[in-house]
Amino acid sequence: MSHTPVDSTGTRLAPSLTALTDPAHQGWLEQALQLALCNRRQGGRPFAALLVQDERLVASAVNTMHLDGDPTRHAELEALRQASQVGPLAGAIVYASGHPCPMCLSSLVMNGIAAVYYAFDNQDAAPFGFDSISSYDKLRLPLKPPPLHLIKLPSSISAACLYGDEAPKPQAEPAHE
């Protein structure tokens, strides 16, 4: 059984930097962000998640709590529900618009998800009321070391665009020669 190396602060280290910085991660995350924006524009909450295994999209989902009032209908859990119909999820990667809440993080860990790449952390989401800091605090769940790789990537949109009232900037037209 292999163990993930841990540094002197207790932070889990990636087995290789290349595995965590592959440019494909940014593309998957951008897809999740676009889904989250679309869900928000349609009256839903600004959250989406993709589940990718062996570089293939297995599931994509948005937060659907607004549809039936079910508080467990978070994007990550919806993606897990869809993907679990296909087969085992161990080693899969999740791309999420925001840092997972404790409920989602627990489910991701229990299903053997290898890593979560996300755009906005709790500090980014807090000014808009979309953070889960108080839940982590109440449950006394420290994130150091994280239970799986939690990697924040840069985003093409701002937190205010996803969570607040800032309008998305128009995409630049590609230059033609």
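Everything quoted here is computed from the prediction, not taken from an experiment.

### Comments concerning helix 4 (residues 75-84)
Most of helix 4 sits out of view: seven of its 10 residues are buried. Of the positions making up helix 4, those classed as buried are Ala75, Glu76, Leu77, Glu78, Ala79, Leu80 and Ala83.

### Some points on the sheet that holds strand 1 (residues 48-53)
Strands sit in the order 2-1-3-4-5 across an open sheet of five strands; the sheet is mixed. Where the open sheet ends on each side, the last strands, each with one partner, are strand 2 (56-62) and strand 5 (149-152). Adjacent strand axes in the sheet meet at a mean angle of 20 degrees when their direction is disregarded. Relative to strand 3 (residues 93-98), strand 1 is paired through four bridges, and the arrangement is antiparallel. What sits directly across from Leu51, in strand 3, is Val94. Contacting strand 1, strand 2 and strand 3, helix 4 runs over the sheet at an angle of about 135 degrees to strand 2.

### As for the packing of helix 4 against helix 5 (residues 102-110)
Contact geometry for helix 4 and helix 5: axes closest at 9 Å, N-to-C directions at 30 degrees. As summarised for this structure, helix 4 and helix 5 are arranged roughly parallel, according to the angle between their axes. Considering the relative orientation of helix 4 and helix 5, their crossing is left-handed. On the side of helix 4, the interface is formed by Glu76, Leu77 and Leu80, while helix 5 contributes Met103, Cys104, Ser107 and Leu108. Among the residues forming the contact of helix 4 with helix 5, the class breakdown is five nonpolar, one polar and one charged.

The rules behind these values
Residue numbering note: each chain is counted from 1, following its sequence as written. This being a predicted model, a pLDDT of at least 70 is required before a residue's local features are given, and a value of 80 or more before pairs of side-chain atoms are given or counted; all residues contribute to the totals for chains, interfaces and linings. With hydrogens and water set aside, each side-chain value is computed from the structure's full complement of heavy atoms. Burial classes follow relative accessibility: with a 1.4 Å probe on protein chains only, a residue under 20% of its type's maximum area counts as buried, one over 50% as exposed, and anything between as partly exposed. Here a helix means four or more residues in a row that DSSP labels H or I, a strand means two or more in a row labelled E, and each is numbered from the N terminus. Pairing between strands requires that DSSP locate at least two bridges from one strand to the other. Helix axes are fitted to C-alpha atoms over the stretch in contact, other axes to C-alpha atoms as well, and angles between N-to-C directions run from 0 to 180 degrees. We call two residues contacting when some pair of their heavy atoms lies within 4.5 Å. Our angle categories are set so that under 35 degrees counts as roughly parallel, over 145 as roughly antiparallel, 65 to 115 as roughly perpendicular, and the remainder as oblique. Each crossing gets its handedness from the near helix: less than a right angle anticlockwise from the far helix is left-handed, clockwise is right-handed. Each residue gets one of three labels, nonpolar for Ala, Val, Leu, Ile, Met, Phe, Trp, Tyr, Cys and Pro, charged for Asp, Glu, Lys and Arg, and polar for the others, Gly among them.

Bear in mind that shape data such as this cannot, by itself, settle questions of function.
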